[in-house]
Amino acid sequence: MAPHAEDGPVGTASNGNTVAVNPGDAPLEPGIKKSIAQGKMMDFPRPPQFDDKYKEREYLKGRLAAAFRIFGKYGFDEGVAGHITLRDPVQPDCFWVNPFGVAFSLINKSDLILVNHGGQVIDGGECRLLNTAAYMIHAAIHAARPDVMCAAHSHSIYGRTWCSLGRKIDNLTQDSCAFHDDHVVYDSFNGVVLAEKEGKDIATCLGGKKAALLQNHGLLTVGTTIEEAVFWFVSLEKCCHSQLMAEAAASSRGEHPIKIGDEEAAYTKRTVGGAAAGWFSAKPLFDVIHKETNGDYLQ
């Protein structure tokens, strides 16, 4: 029997059913006190802190090299396309990026190149070729978003397939809720991004969100840490894959995938979609790549 108002406070689930809510319970979490639920949502470890910006630079360059190894492992490379950038902690108006033409799976810390916002390579490894598209897109994002430490883009298979539809992803799974009201569609394609204006247009479209679906192109994610940006990319790629499969399976039966309600999605996002959650969720990826490579990328 469904609860009645006289039995105590009630709420409505996304399926329309009425559920009892006790005073002090967390919203959408019957039986759990609000104070406990909030504590659990915020109980994440944090990235290391540095007093010395040069030591921070060396640490972060190692993490960036590991990020490329992760992208290589997941098959996010497509020829020479794709780039991840790191805002330099010593010179914040400059960023580190992969040299053009070096395989993700082979990148070491010493290979990374430092680029200023004029597009000049001012430091780095032996190969100092700069991908023009990487500069145009990432320079605009780092300039527009002081909070962004890292931005990632590649032509991953499911991401670029989904991007050909010109639609946002739906709230179909807990994982996709991390992107609830936090991603955009850049609905223009003018070929390889070689013009400063298009880079700025992409940055403007991204706004304060964590991800952009570049129509007919691929995924773009950003974060306050390297780990966060990498995890959002890996997760968004899987969400695209999941929705492509869900829609194909449902359409074969004349049905549609069941969506999570906006209220439930927003609540879930507060747990799985924050910066700390993104950083912590990426930790296993970085731990495994370090184990598998014996830290080779730190050279």
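Refer to the preceding data block for the structure.
Residues numbered from 1 in each chain as written. Predicted model: local features only at pLDDT ≥ 70, side-chain atom pairs only at ≥ 80, totals over all residues. Heavy atoms only, no water.

J.: Would you mind showing me how to read the overall build of the protein here?
T.: Along the backbone of the protein there are eight helices and twelve strands. Among the 299 residues that make up the protein, the fraction classed as buried is 45%. If you take every contact in the protein between residues at least 6 apart in sequence, the share linking residues at least 24 apart comes to 65%. Element-wise, carbon and sulfur atoms account for 53% of the exposed surface of the protein, whose accessible area totals about 14,600 Å². (Helix = DSSP H or I, 4+ residues; strand = E, 2+ residues; numbered from the N terminus. Buried < 20%, exposed > 50% of the residue type's maximum accessible area, 1.4 Å probe, protein only. Contact = heavy atoms within 4.5 Å. Areas by Shrake-Rupley, 256 points an atom, 1.4 Å probe, with all protein chains shown as cover.)

J.: Got a minute to help me understand the packing of helix 3 (residues 132-144) against helix 5 (residues 196-206) in this structure?
T.: Packed helix pairs are characterised by how far apart their axes lie and by the angle those axes make with each other. Relative orientation of the contacting elements helix 3 and helix 5 amounts to 45 degrees, with a least axis distance of 8 Å. The angle between helix 3 and helix 5 falls in the class oblique. The element helix 3 and its partner helix 5 pack so that their crossing is right-handed. Residues M136, I137, A140, I141 and A144 of helix 3 form the contact with helix 5, whose own contacting residues are E196, G199, K200, I202, A203 and L206. Its residues assigned to classes, the contact of helix 3 with helix 5 shows eight nonpolar, one polar and two charged. (Axes fitted to C-alpha atoms, helices over the stretch in contact; angles between N-to-C directions. Parallel < 35°, antiparallel > 145°, perpendicular 65-115°, else oblique. Left-handed = near helix turned anticlockwise from the far one by under 90°. Nonpolar A, V, L, I, M, F, W, Y, C, P; charged D, E, K, R; others polar.)

J.: What exactly am I supposed to notice about unusual backbone geometry here?
T.: Negative phi values dominate among residues other than glycine, just as trans dominates among peptide bonds. Although it is not a glycine, D181 adopts a positive phi angle of roughly 55 degrees. Residue placement: D181 occurs in the loop between helix 4 (157-163) and strand 10 (183-186). With relative accessibility at 55%, the residue D181 sits in the exposed group. In the Ramachandran plot, N294 falls in the positive-phi region, its phi being about 55 degrees despite a non-glycine side chain. Residue position: N294 is located in the segment after helix 8 (275-293).

J.: Teacher, can you tell me more about the side chain of H180 here?
T.: With respect to the secondary-structure elements, H180 resides in the loop between helix 4 and strand 10. There is a polar contact of 3.1 Å between the side chain of H180 and the side chain of N171. For H180, the residues in contact, after removing those within four places along its chain, are N171, D262, A265, A266 and K269. (Polar contact = N/O pair within 3.5 Å; in protein donor to acceptor, adjacent residues only side chain to side chain.)

J.: Could you clarify how one ought to interpret a nonpolar patch on the surface in this entry?
T.: A cluster of nonpolar side chains, V80, F100 and L129, forms an exposed patch at the surface whose accessible area comes to about 260 Å². One can find L129 in the loop between strand 8 (121-124) and helix 3. (Patch = residues over 30% accessible without salt bridge, like charges linked within 9 Å, V, L, I, M, F, W, Y side chains within 5 Å. Salt bridge = Lys/Arg side-chain N within 4 Å of Asp/Glu carboxyl O.)

J.: Help me understand the environment of F189 in this model?
T.: Within the secondary structure, F189 is located in the loop between strand 10 and helix 5. In the structure, F189 is positioned 25 residues away from L214 in sequence and 7.8 Å away in space, judged by C-alpha atoms. If sequence neighbours within four positions are ignored, F189 has contacts with Q215, N216 and H217.

J.: Would you take a moment to explain the sheet that holds strand 8 for this structure?
T.: Where strands meet in a sheet, backbone hydrogen bonds hold them as pairs that are either parallel or antiparallel. Ordered in space as 8-7-6-5-9-12-11-10, the eight strands form an open sheet in which the pairing is mixed. With partners counted over all chains shown, the strands left at the sheet margins are strand 8 and strand 10, one partner each. Averaged over neighbouring strand pairs, the angle between their axes works out to 20 degrees when direction is ignored. As defined by bridge partners, strand 11 (residues 211-214) adjoins strand 12 (residues 218-223) across four bridges and the pair is classed as antiparallel. When the bridges of strand 12 are listed, L214 appears paired with G218. Contacts from helix 2 (residues 53-73) reach strand 5 (83-87), strand 6 (94-97), strand 7 (113-116) and strand 9 (150-154) within the one sheet, and its direction differs from that of strand 5 by about 165 degrees. Contacts between helix 3 and the sheet are confined to strand 5, strand 6, strand 7, strand 9 and strand 12, with strand 5 contributing the most and set at about 40 degrees to the helix. (Pairing = 2+ DSSP bridges.)

J.: Before we go on, may I ask you to explain the packing of aromatic side chains in this structure?
T.: Two descriptors summarise a pair of aromatic rings, namely the distance from one centre to the other and the angle between the planes of the rings. One pass over the full model with this rule turns up nine aromatic pairs. A ring pair is formed by F50 and Y59, whose centres lie 5.3 Å apart and whose planes are at 40 degrees; its orientation type is tilted. Through a chain of ring-to-ring contacts, the aromatic side chains of F68, F71, Y74, F76, F104 and F233 assemble into a single cluster. The ring of W96 is capped by K61, whose NZ or CZ atom sits 4.2 Å from the centre of that ring. Between K210 and the ring centre of W232, over which it is positioned, the NZ or CZ distance is 4.5 Å. (Phe/Tyr/Trp six-rings, centres within 6.5 Å; stacked < 30°, edge-to-face > 60°. Lys NZ or Arg CZ within 6 Å of the ring centre and 35° of its normal.)

J.: What is the right way to look at the pattern of salt bridges in this model?
T.: Two side chains carrying opposite charge are able to pair once their charged atoms lie near each other. Scanning all chains against the criterion turns up 19 salt bridges. A salt bridge links R57 to D88, with the shortest nitrogen-to-oxygen separation between them at 2.8 Å. Taken together, the residues span a long stretch of sequence, with R57 in helix 2 and D88 in the loop between strand 5 and strand 6 at a distance of 31 residues. Just as R57 is buried, D88 falls in that class too. For the salt bridge of R69 with D296, the shortest nitrogen-to-oxygen distance reads 2.8 Å. Of this pair, R69 sits in helix 2 while D296 sits in the segment after helix 8, and the two are 227 residues apart along the sequence. Judged by its relative accessible area of 8%, R69 is buried.

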